[in-house]
Protein chains: 2
Amino acid sequence: MTRRTITGFSNPTVKALRALRDKKHRKREGLFLAEGLRLLTDARECRRLPQSLVMAEGRDPHPLLAALEAEVEAAGGEIIETSPDILSKITGKDNPQAVLGVFAEWNTAIEALDRHGSPIWLVAQALRDPGNLGTMLRTGDAVGAGGLILIDDCADPFSAEAVRASMGAVFTQAIAKATWEEFLPWLRAGDGQLVAASLREAVPYCGAPYAAPCFILVGNESRGLPEDYEAACDLRVTMPMRGRADSLNAAVAAAVLAYEVLAELEG
Amino acid sequence: MTRRTITGFSNPTVKALRALRDKKHRKREGLFLAEGLRLLTDARECRRLPQSLVMAEGRDPHPLLAALEAEVEAAGGEIIETSPDILSKITGKDNPQAVLGVFAEWNTAIEALDRHGSPIWLVAQALRDPGNLGTMLRTGDAVGAGGLILIDDCADPFSAEAVRASMGAVFTQAIAKATWEEFLPWLRAGDGQLVAASLREAVPYCGAPYAAPCFILVGNESRGLPEDYEAACDLRVTMPMRGRADSLNAAVAAAVLAYEVLAELEG
């Protein structure tokens with residue numbers, strides 16, 4: 001256990017933490033930041049403890065914060081006390097929350113996913129917007145999905161924006177990365193229905209013959225899914241588009257479809 | 001008709017356009033920017049013409065761009081030619097699109113909405129994220145909604161982020177602003193069912209007795225709807241929440257509900 005106080009803006013730890021806002025540094029260190037007592041409590045309840053806890057001096061005491069601090073100390077983690085100004089510098093926010101956790105990234109191998117553990121899985125292909133990934137994690141949590149599988153070159157689910165948009169679901173949902181060439185053979189080696197929202201030959205999404213475990217595949221924000229990925233799906237469904245637009249926001253499409261799958265599987 | 005070329009970064013027009021990225025300036029001028037030929041073509045097809053068109057020198061010719069240019073000229077608008085670097089300075093992007101439109105903001109008075117013109121209307125209360133507003137506009141277009149009504153202090157639907165997220169729907173959907181005290185008497189003066197996604201006393205959202213014109217009310221991202229707003233609704237519905245989270249992203253909740261309302265009204 002370590003406990004220390006940082007008072008200087010030019011302290012190397014401050015610089016190292018601040019650098020975690022940048023993807024390249026984050027990947028090199030394998031670390032990410034999560035801000036705020038609510039998010040950190042969600043993490044703790046999902047048995048994810050930060051390796052370091054950075055806390056503002058003069059913060060209001062809170063029983064959940066005391067509990068978190070005790071667990072991080074017990075696990076051999078580091079407790080850093082610093083000023084609100086330095087926390088502001090680390091997070092890049094004018095009004096940072098009073099507590100910040102530094103977490104080691106995790107990455108579940110696709111082979112380690114228990115596909116029968118949940119009736120629904122979300123699959124994102126080349127999604128570029130970290131806010132969309134975070135929102136998909138949040139929706140996945142809400143529909144009782146098992147996790148989010150990231151195919152091909154997706155945004156970083158551990159970026160500040162994705163973590164924030166996930167509202168804690170980054171800690172509850174399994175997150176696996178795979179190429180299409182890894183994903184498809186894994187999927188076909190067991191049960192699993194692959195469903196895509198499609199504009200091409202497709203059945204109406206309402207009342208389609210969904211089957212668990214159902215893998216809902218959503219493609220890149222501007223290009224959609226590659227044609228051969230769509231062709232490999234067991235079911236292609238289409239949602240009504242009554243206006244000028246020909247597609248929905250990717251996270252919205254995933255959610256409308258996931259809630260329909262949930263209703264059909266349970267109905 | 002005016003046509004001119006701007007070559008200097010310190011040209012006052014460049015400064016004025018650049019300032020439109022800031023909400024305060026945008027509101028004072030009553031102008032907003034929309035970028036890219038696709039978005040500007042959507043606008044044109046919805047009979048929204050920019051008062052000025054800013055185009056990059058050396059751009060690729062395109063029949064849709066030529067048509068747009070001709071219409072802006074015919075309507076007495078201004079055509080500005082400038083360098084890609086200056087366009088980059090105006091938009092704040094490294095790789096700006098080759099064309100930018102400057103539009104006068106519009107604002108439909110709530111009294112002017114034709115509530116029977118569409119079976120669905122989206123209503124946002126104190127939504128703070130412009131991306132969520134833009135996504136709601138995009139979803140509204142997709143479900144054939146009539147427009148988006150902004151209640152109380154919402155983000156700006158004409159901000160660059162909202163316009164981008166709307167994918168052109170900012171030009172197809174009516175946009176009205178009202179206080180709750182203006183909205184509720186207007187609604188009650190005619191037909192209209194007010195529906196809220198709620199965590200309190202509520203019926204399941206699937207198969208609820210929706211009726212057109214149906215007004216789907218979604219509350220602030222962190223606080224949700226005020227209790228008395230919820231109490232004033234005709235129908236409170238709840239969506240399954242199977243995980244740790246107790247709410248969905250606001251734009252996601254609006255979309256899941258809007259698609260269910262569409263399915264029920266037509267089913």
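Since the model is a prediction, treat every value here as computed from it, not as a measurement. Starting from 1, residues in each chain are numbered consecutively following that chain's sequence as written. Here chains are named by letter from A upward and ligands by number from 1 upward, in the order in which they appear as written. The predicted origin of the model limits local features to residues at a pLDDT of at least 70 and limits the giving and counting of side-chain atom pairs to 80 or more, whereas totals for whole chains, interfaces and linings rest on all residues. Side-chain numbers come from the whole structure's heavy atoms, not from hydrogens or water.

Engineer: Even after reading the chapter, I still don't get the relation of the copies chain A and chain B, so can you show me in this structure?
Structural biologist: Turning one copy of the chain about an axis and sliding it along that axis gives the other copy, so a rotation and a shift relate them. Copy-to-copy superposition: least squares on the C-alpha atoms, limited to residues that have pLDDT of at least 70 in both copies. Of the two same-sequence chains, chain A is brought onto chain B (RMSD 0.0 Å, axial shift 0.0 Å) by a rotation of 180 degrees. With respect to symmetry, the two chain copies, as superposed, fit the operation of a two-fold axis. Contacts: residue pairs with any heavy atoms within 4.5 Å of one another. Take the interface residues of chain A: 100% of them recur as interface residues in chain B, which is what a same-surface contact looks like.

Engineer: Quick question: what am I supposed to make of the environment of alanine 43 of chain B here?
Structural biologist: Residues and elements named next belong to chain B. Secondary structure elements are defined from DSSP: runs of H or I of at least 4 residues count as helices, runs of E of at least 2 residues count as strands, and each element is numbered from the N terminus. Residue placement: alanine 43 occurs in helix α3 (residues 37–45). On the accessibility criterion, alanine 43 (0% relative accessible area) is buried. With 25 residues separating them along the chain, alanine 43 and leucine 68 place their C-alpha atoms 9.9 Å apart. Dropping the residues within four chain positions of it, alanine 43 is found in contact with Arg48, Phe103 and Phe171. Burial here depends on accessible area, computed with a 1.4 Å probe over protein chains only, as a share of the maximum for the residue type. Under 20% is buried, over 50% is exposed, and the range in between is partly exposed.

Engineer: How should helix α3 (residues 37–45) of chain A be read in this particular structure?
Structural biologist: All names here are of chain A. Along α3, 7 of the 9 residues are buried, which leaves the element largely enclosed by surrounding structure. Burial in α3 covers these residues: Leu37, Leu39, Leu40, Thr41, Asp42, Ala43 and Arg44. Turning to α3, the residues buried within the fold contact β2 (31–35), β3 (52–56), α4 (63–74), β5 (99–104), α7 (160–166) and α8 (169–172). Just downstream of α3 lies arginine 47, where phi reads positive at about 60 degrees.

Engineer: Got a minute to help me understand the domain arrangement of chain A in this structure?
Structural biologist: A common way to express how large an interface is: the accessible area buried when the components associate. All names here are of chain A. Domain delimitation follows an automatic or database domain assignment. When cut into domains, chain A gives domain 1 (2–104) and domain 2 (110–266). Between the C-alpha centres of domain 1 and domain 2 the distance comes to 31 Å. If you look at the interface, domain 1 gives 13 residues, while domain 2 gives 12 residues. By convention, the term buried area covers the 1.4 Å-probe accessible surface removed from two parts as they join, with the contributions of both added. Surface buried jointly by domain 1 and domain 2 totals about 1,000 Å² across both partners, of which 64% is contributed by carbon and sulfur atoms. The largest contributions to the domain 1 side of the interface with domain 2 come from Arg26, Phe32 and Leu39, which together make up 41% of the buried area. One speaks of a salt bridge when a side-chain nitrogen belonging to Lys or Arg is within 4 Å of a carboxyl oxygen belonging to Asp or Glu. At the junction of domain 1 with domain 2, the criterion picks out 2 salt bridges. Ionic pairing is found between aspartate 156 and arginine 26, a salt bridge with its closest N-O pair at 2.7 Å. Polar contacts here mean pairs of N or O atoms no more than 3.5 Å apart (in protein, one a potential hydrogen donor and the other a potential acceptor; neighbouring residues in sequence count only if both atoms are side-chain atoms). The tally of links from domain 1 across to domain 2 stands at 2 residue pairs in polar contact (both at pLDDT 80 or more).

Engineer: Would you take a moment to explain the environment of glycine 267 of chain B for this structure?
Structural biologist: Residue and element names in this part refer to chain B. With respect to the helices and strands, glycine 267 occurs in the segment after α11 (250–266). Among the residues examined, glycine 267 registers a relative accessible area of 93% and is labelled exposed. A sequence separation of 153 residues divides glycine 267 from aspartate 114, and the C-alpha atoms of the two residues are 24 Å apart.

Engineer: Explanation requested: the sheet that holds strand β6 (residues 120–125) of chain B in the structure shown.
Structural biologist: The pairing of strands in a sheet happens through backbone hydrogen bonds and is either parallel or antiparallel. All names here are of chain B. Any two strands between which DSSP finds at least two bridges are classified as paired. Strand order across the open sheet formed by 7 strands is β8-β7-β6-β11-β9-β12-β10, with parallel pairing between neighbours. Two strands bound the open sheet, and with one partner strand each, they are β8 (174–178) and β10 (203–204). By the bridge criterion, 5 bridges tie strand β7 (residues 147–151) to β8 in an arrangement that is parallel. Across the sheet, the residue bridging to leucine 148 is isoleucine 175, located in β8. Whenever a helix is involved, its axis is fitted only over the stretch in contact; in every case the axis is a line through C-alpha atoms, and angles between N-to-C directions fall within 0 to 180 degrees. Contacting β6, β7 and β8, helix α6 (residues 130–143) runs over the sheet at an angle of about 170 degrees to β6. This element, helix α9 (residues 180–188), spans β6, β7, β8, β9 (193–197) and β11 (214–218) of the sheet and lies at about 130 degrees to β9.

Engineer: When you look at the nonpolar core in this model, what are you seeing that I'm missing?
Structural biologist: Within soluble globular proteins, side chains that are nonpolar tend to cluster in buried spots. Among the buried residues, those of types Ala, Val, Leu, Ile, Met, Phe, Trp, Tyr and Cys that are joined through side-chain atoms within 4.5 Å form a nonpolar core. Core analysis: the biggest nonpolar cluster contains 116 residues, and Tyr210 of chain A together with Tyr210 of chain B have the highest contact counts within it. The residues contacting tyrosine 210 of chain B, other than those within four sequence positions of it, are Gln193, Val195, Tyr205, Leu235, Val237, Leu257, Glu260, Val261, Glu264 and Leu265 of chain B.

Engineer: Is there a simple way to explain the pattern of salt bridges in this structure?
Structural biologist: Pairs can form between side chains of opposite charge once their charged atoms are near each other. As enumerated under the stated definition, the model contains 31 salt bridges over all chains in all. A salt bridge links aspartate 42 of chain A to arginine 244 of chain B; its shortest N-O distance comes to 2.7 Å. Here the residue aspartate 42 of chain A occupies a position in helix α3, and arginine 244 of chain B occupies one in the loop between β12 (235–238) and α11, the pair thus bridging two chains. For aspartate 42 of chain A, a relative accessible area of 14% puts it in the buried group. Owing to a relative accessible area of 38%, arginine 244 of chain B belongs among the partly exposed residues under this scheme. With its nearest N and O atoms 3.0 Å apart, the salt bridge here joins glutamate 105 of chain B to lysine 27 of chain B. Placement of the pair is glutamate 105 of chain B in the loop between β5 (99–104) and β6 and lysine 27 of chain B in helix α2 (residues 23–29), with a sequence separation of 78 residues. Residue classification places lysine 27 of chain B among the partly exposed positions, given a relative accessible area of 34%.

Engineer: For this particular structure, what's the right way to read helix α11 (residues 250–266) of chain A?
Structural biologist: Side chains three or four residues apart in an α-helix point the same way, a direct result of the helix having 3.6 residues per turn. Residue and element names in this part refer to chain A. By this rule the span expected of a helix is its residue count minus one, scaled by 1.5 Å. Compared with an ideal rise of 1.5 Å per residue, which puts 17 residues at 24 Å, α11 spans 24 Å between its outermost C-alpha atoms and is within 8% of the ideal. Across the 17 residues of α11, 13 count as buried, placing the element largely inside the fold. The backbone nitrogen of alanine 251 lies 2.8 Å from a side-chain oxygen of the residue at the head of α11, namely asparagine 249.

Engineer: Could you clarify how one ought to interpret the UniProt feature "domain: RNA 2-O ribose methyltransferase substrate binding" (unreviewed entry) in chain A in this entry?
Structural biologist: UniProt positions are given in the numbering used here, feature names are shortened, and annotations may be inferred rather than shown by experiment. UniProt's entry tags residues 33–109 of chain A with the feature "domain: RNA 2-O ribose methyltransferase substrate binding" (unreviewed entry), counted in the numbering of this structure. Note that residues 33–109 of chain A is 38% helix and 25% strand, and that its end C-alpha atoms are spaced 22 Å apart.

Engineer: Which parts of the structure should I look at to understand the interface of chain A and chain B?
Structural biologist: Taken together, the contact pairs 33 residues of chain A with 33 residues of chain B. Across the chain A/chain B interface, buried area totals approximately 2,700 Å², and carbon plus sulfur atoms make up 53% of it. It is Arg138, Arg244 and Tyr259 of chain A that lose the most area in chain A upon contact with chain B, and together they represent 26% of the buried surface on that side. Our count for the contact surface shared by chain A and chain B stands at 7 salt bridges. Taken together, the connections running from chain A to chain B amount to 20 residue pairs in polar contact (both at pLDDT 80 or more). For the side of chain A that touches chain B, the secondary-structure elements that each account for two or more residues are α3, α6 (130–143) and α11 of chain A. For the side of chain A that touches chain B, the leading source of residues is α11 of chain A, giving 8 residues. For the side of chain A that touches chain B, the class distribution of residues is 17 nonpolar, 7 polar and 9 charged. For this classification, the nonpolar set comprises Ala, Val, Leu, Ile, Met, Phe, Trp, Tyr, Cys and Pro, the charged set comprises Asp, Glu, Lys and Arg, and every other residue, Gly included, is treated as polar.

Engineer: I would appreciate a short explanation of the packing of aromatic side chains in the present structure.
Structural biologist: Here a ring pair, both rings aromatic, is described through the centre-centre distance and the interplanar angle of the planes. Residues and elements named next belong to chain A. Pairing of aromatic rings covers Phe, Tyr and Trp, the last counted by its six-membered ring, and requires centre-to-centre distances within 6.5 Å; plane angles under 30 degrees mean stacked, over 60 mean edge-to-face, and any other angle means tilted. Applying the stated criterion across every chain yields a total of 28 aromatic pairs over all chains. Both rings, one in tryptophan 106 and one in phenylalanine 158, keep their centres 5.1 Å apart while their planes meet at 75 degrees; by these two values the pair is edge-to-face. With tryptophan 106 in the loop between β5 and β6 (120–125) and phenylalanine 158 in the loop between β7 (147–151) and α7, this pair connects stretches of sequence that are 52 residues apart. No difference in accessibility class separates tryptophan 106 from phenylalanine 158, as the two residues are buried.

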